[in-house]
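# Structural description and commentary
These are the residues of each chain, in order.
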Amino acid sequence: NVPLEQEDPEIYDLIQKEKWRQFSCLELIASENFTSQAVMEANGSALTNKYSEGLPGARFYGGNEHIDVIENLCRTRAIKAFNLNSEEWGVNVQPYSGTTANFSALTALLSPHDRIMGLELASGGHLTHGHQTAKKKISSSAIYFESFPYQVDPDTGLVDYEKLAQNADAFRPKLIICGASAYPRDWDYARLRAIADKHGAYLMADIAHISGLVATGEQSSPFDLCDVVTTTTHKTLRGPRAGLLFFHKGEKGTLRGDLEERCNFAVFPSNQGGPHNNTIAAVAVALKQVATPAFKEYAQQVRKNAKAVADTLLKHGYKLASGGTENHLVLWDLRPINLNGNKMEKICDALNITLNKNSIAGDTSAFVPGGVRIGAPALTSRSLKEADFVQVAEFLHEAAQLAIKIQNTSGKLIKDFVAAMEKEPAVEELRLRVQNFATQFPMPGFDPSSIPA
Ligand code: PLP
């Protein structure tokens with residue numbers, strides 16, 4: 001029983017450094033969060049030792065009496081967290097990630113070469129919703145199925161439902177996927193259901209980003225109108241890294257009739273082997289937390305905080321995709337200030353601000369995304385409130401102004417920009433202010449005194 005610190009000091013040291021990075025930076029990646037000590041404990045437990053292919057009560061291995069109880073608890077808590085009726089909805093809690101949950105859903109619903117329509121990556125959609133470029137099919141969801149993505153309207157930044165309906169008339173999809181990785185607005189599920197019904201298509205919602213907001217009623221629920229719903233568990237849901245696949249238990253002989261068998265079979269044996277029982281236990285812990293009043297408050301605060309960032313950036317005259325936000329994220333369109341997402345991400349990294357470059361609808365190059373994505377879930381878990389997020393947005397404003405100043409002297413090439421940035425004393429001055437601000441806030445599962453100065 002040698003502790004990690006002695007068994008493998010190299011890895012131990014890197015974990016310590018990563019903890020310090022997380023603590024001393026402003027974490028604004030919209031898909032990340034800080035999970036709790038309890039979740040991390042379950043995730044790092046002896047359950048990782050066990051094989052349990054199959055479902056509770058029907059395993060291909062012995063010794064699963066406790067694992068069965070854990071997986072059943074996780075399933076019950078997932079149904080409860082989203083306020084579902086277990087007569088109508090079931091869930092498979094074994095997907096290793098959002099990607100495998102999504103591909104399992106496609107495997108369950110479709111035959112090879114069936115047609116799918118999902119939101120285009122450049123419009124904020126996810127790879128797994130049928131991503132391809134003009135030259136190449138990128139995601140297996142585009143390799144094994146025929147994909148015809150829909151878009152947001154570049155003027156409004158909102159999903160262009162009208163054009164989607166017209167294209168669906170021509171393409172006649174078997175599945176419409178809604179959900180996104182970079183979309184600051186809620187979804188019109190009724191509109192999408194009507195389009196799907198016209199073509200006898202399935203409707204799937206991937207609520208990976210917003211599931212914590214859906215569970216708490218902060219975004220509209222897709223469950224009334226969709227056939228399957230997938231989510232990751234590590235974003236706004238604040239659990240460990242995994243996926244969930246919910247399926248409607250419809251009448252036998254209807255479109256939804258045998259989704260339970262098909263979804264379960266699609267996860268195992270079609271796409272996965274043994275479930276990660278340690279992760280399933282940790283998901284169960286997170287879902288217990290999701291059902292509490294404290295989590296409801298958290299989800300409300302996430303939205304207020306994202307709005308505080310949006311309002312502050314708008315006050316400074318910047319442009320935001322869709323003009324603002326009604327969920328956990330803001331898409332900042334940097335094109336009007338003649339800056340791009342690559343440079344903004346680079347300068348933010350140098351300033352202890354972690355965010356990511358993101359394309360903005362209407363971008364002309366996939367390699368030079370026009371904006372950055374800013375998310376509130378992680379820092380809200382570190383107890384920041386609206387006034388703190390106003391300060392975060394002020395730091396972002398300073399970062400953008402500094403980037404413009406550096407760009408004006410360095411020229412447009414990213415390598416010249418980085419070289420000039422490294423020589424600019426104002427960068428270190430601002431980085432220290434950001435670090436001093438970030439380290440005021442506690443981080444779940446982290447004791448700052450555990451890191452030597
Ligand atoms: N679906 C959406 C909407 C996502 O944003 C993501 C990841 O960011 C995924 C699916 C994939 O999740 P994972 O990284 O767990 O495979």
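Nothing here was measured: the structure is a model prediction, and the numbers come from that model.

### Examining the overall build of the protein chain
Along the backbone of the protein chain there are 17 helices and 15 strands. In summary, the protein chain has a C-alpha radius of gyration of 22 Å against a globular reference of 22 Å for 453 residues, a match within 12%. Out of the 453 residues belonging to the protein chain, those deemed buried represent 48%. Considering only residue pairs separated by 6 or more positions, the protein chain has 72% of its internal contacts joining residues 24 or more positions apart.

### Notes on the site of the ligand
Close contacts around the ligand come from 16 residues, with Ser 97, Gly 98, Thr 99, Ser 181 and Ala 208 the closest. Along the lines of polarity and charge, the residues of the shell around the ligand split into 2 nonpolar, 12 polar and 2 charged.

### Here's the deal with the sheet that holds strand β9 (residues 228-232)
Either a parallel or an antiparallel arrangement is found when strands of a sheet pair, and the pairing is made through backbone hydrogen bonds. The strand order across the open sheet formed by 7 strands is β4-β10-β9-β8-β7-β5-β6, and the pairing between neighbours is mixed. Of all strands in the sheet, those with a lone pairing partner are β4 (89-92) and β6 (146-147), marking the two edges. In the packing of helix α10 (residues 259-271) onto the sheet, the strands contacted are β4, β9 and β10 (243-248), and the crossing angle to β10 comes to about 160°.

### Topic: the pairing of strand β8 (residues 202-206)
Burial runs high along β8: 5 of the 5 residues are buried. Burial of the side chains of β8 extends over both faces: Tyr 202, Met 204 and Asp 206 are buried on one face and Leu 203 and Ala 205 on the other. Across 4 bridges, the pairing between strand β7 (residues 175-178) and β8 is parallel. Among the inter-strand pairings, Leu 175 is bridged to a residue of β8, identified as Tyr 202.

### Details of unusual backbone geometry
The linkage connecting Phe 268 with the following residue, Pro 269, adopts the cis geometry, with an omega of 15°. Inspection of the secondary structure assignment puts Pro 269 in helix α10. Positive phi, normally seen in glycine, also occurs at His 113, with a value near 75°. Relative to the helices and strands, His 113 resides in the loop between α5 (98-109) and β5 (115-117). The backbone phi angle of Ser 383 is positive, close to 75°, even though this residue is not glycine. Note on placement: Ser 383 falls in the loop between α14 (377-381) and α15 (386-410).

### Brief notes about the nonpolar core
Burial of nonpolar side chains together is a common tendency in soluble globular proteins. Counting residues in each nonpolar core, the largest one holds 128 residues, and the members touching the most others are Ile 176, Val 228, Leu 245, Val 309 and Ile 353. Not counting the four nearest positions on each side in its chain, Leu 245 is found in contact with Val 91, Asn 92, Pro 95, Ala 101, Ser 104, Ala 105, Val 228, Thr 230, Cys 263 and Val 267.

### Focus on helix α11 (residues 277-290)
End to end, α11 covers 20 Å across 14 residues, agreeing with the expected 20 Å (1.5 Å per residue, within 8%). The buried count for α11 comes to 11 of 14 residues, which makes it a mostly enclosed element. Residues of α11 that are buried include every one of Asn 277, Thr 279, Ile 280, Ala 281, Ala 282, Val 283, Ala 284, Val 285, Ala 286, Leu 287 and Val 290, and no others. Turning to α11, the residues buried within the fold contact α3 (37-43), α4 (65-81), α9 (211-215) and α12 (293-315).

### Overview of the packing of α15 against helix α16 (residues 414-423)
Following both chains from N to C, one finds α15 and α16 inclined at 115°, their axes separated by 9 Å at the closest point. It follows from the interaxial angle that α15 and α16 lie roughly perpendicular. Between α15 and α16 lies a crossing whose hand is right-handed. Residues Ile 406, Gln 407, Thr 409 and Ser 410 of α15 form the contact with α16, whose own contacting residues are Asp 416, Phe 417, Ala 420 and Met 421. Residues belonging to the contact of α15 with α16 are distributed by class as follows: 4 nonpolar, 3 polar and 1 charged.

### Let's talk about the UniProt feature "modified residue: N6-(pyridoxal phosphate)lysine" (unreviewed entry) in the protein chain
Here, UniProt's "modified residue: N6-(pyridoxal phosphate)lysine" (unreviewed entry) annotation points to Lys 235. You can see Lys 235 is positioned in the loop between β9 and β10. Residue contacts for Lys 235: discarding those within four places in its chain leaves Ser 31, Asn 33, Ala 208, His 209, Ser 211 and Pro 377.

### Quick notes on the pairing of β7
Side chains Leu 175 and Ile 177 project from β7 onto one buried face, and the interleaved Ile 176 and Cys 178 project onto a second face that is buried too. Note that β5 and β7 share 2 bridges and pair parallel. Across the sheet, Met 117 pairs through a bridge with Ile 176, a residue of β7. For the crossover from β7 across helix α8 (residues 189-198) to β8, the handedness is right-handed.

### Examining the environment of Asn 356
Counting through the fold element by element, Asn 356 comes out in strand β14 (residues 356-358). Taking the number of C-beta atoms within 10 Å as the measure of exposure, Asn 356 has 19 and is therefore partly exposed.

### Some remarks on the sheet that holds β14
Spatially, 4 strands are ordered β11-β12-β15-β14 in an open sheet, and the strand pairing comes out antiparallel. Strands with a single pairing partner mark the edges of an open sheet, and in this sheet they are β11 (319-320) and β14. Strand direction decides the pairing type here: strand β12 (residues 329-333) and strand β15 (residues 371-375), joined by 5 bridges, are antiparallel. Residue Trp 332 lies in a different strand from β15, and its bridge partner there is Val 372.

### Topic: the confidence of the model for the protein chain
With 100% of its residues at a pLDDT of 70 or more, the protein chain has an overall mean of 96. ipTM for the predicted complex: 0.99, alongside a pTM of 0.97.

### Side note on the packing of helix α13 (residues 341-350) against α16
Across the interface, α13 lies against α16 with an axial gap of 11 Å and an inter-helix angle of 25°. Taken together, α13 and α16 sit at an angle that is classed as roughly parallel. You can see that α13 and α16 cross each other, and the crossing is right-handed. Note on element contacts: α16 touches α13 through Ile 414, Phe 417, Val 418 and Met 421, opposite Asn 342, Lys 343, Lys 346, Ile 347 and Ala 350. Classifying every residue of the contact of α13 with α16 gives 6 nonpolar, 1 polar and 2 charged.

Criteria and thresholds
Think of each chain on its own: its residues are numbered from 1, step by step along the sequence as written. This being a predicted model, a pLDDT of at least 70 is required before a residue's local features are given, and a value of 80 or more before pairs of side-chain atoms are given or counted; all residues contribute to the totals for chains, interfaces and linings. In this text, helices come from DSSP runs of H or I with a minimum length of four residues, and strands from runs of E with a minimum of two, each type numbered from the N-terminal end. With the radius of gyration taken over C-alpha atoms, the globule rule is written as 2.2 Å times the number of residues to the power 0.38. Three exposure classes are used, all based on how many other C-beta atoms lie within 10 Å of a residue's own C-beta (placed from the backbone): buried at 20 or more, exposed at 12 or fewer, and partly exposed between those limits. Here, residue contact means that the backbone-derived C-beta atoms of the two residues sit within 7 Å. Proximity of a residue to a molecule or strand is defined by its backbone-placed C-beta atom lying within 6 Å of that partner. Any residue that is not Ala, Val, Leu, Ile, Met, Phe, Trp, Tyr, Cys, Pro, Asp, Glu, Lys or Arg is counted as polar, Gly included; the first ten are nonpolar and the last four charged. At least two DSSP bridges between two strands are needed for those strands to be called paired. Under this scheme, a helix contributes an axis fitted over its contacting stretch, all axes are lines through C-alpha atoms, and angles between N-to-C directions fall in the 0 to 180 degree range. Among buried residues, those of type Ala, Val, Leu, Ile, Met, Phe, Trp, Tyr and Cys that are joined through C-beta atoms within 7 Å form a set called a nonpolar core. Take the number of residues in a helix, subtract one, and multiply by 1.5 Å to get its expected span. Here the word oblique covers every angle except those under 35 degrees (roughly parallel), over 145 (roughly antiparallel) and from 65 to 115 (roughly perpendicular). Two helices crossing with the near one rotated counterclockwise from the far one by less than a right angle form a left-handed crossing, whereas a clockwise rotation gives a right-handed crossing. UniProt positions are given in the numbering used here, feature names are shortened, and annotations may be inferred rather than shown by experiment. Classification remark: right-handed applies to a crossover when, strands pointing away from the viewer, the course from the first strand over the helix to the second runs clockwise. pLDDT: the predictor's confidence for each residue, scored from 0 to 100.

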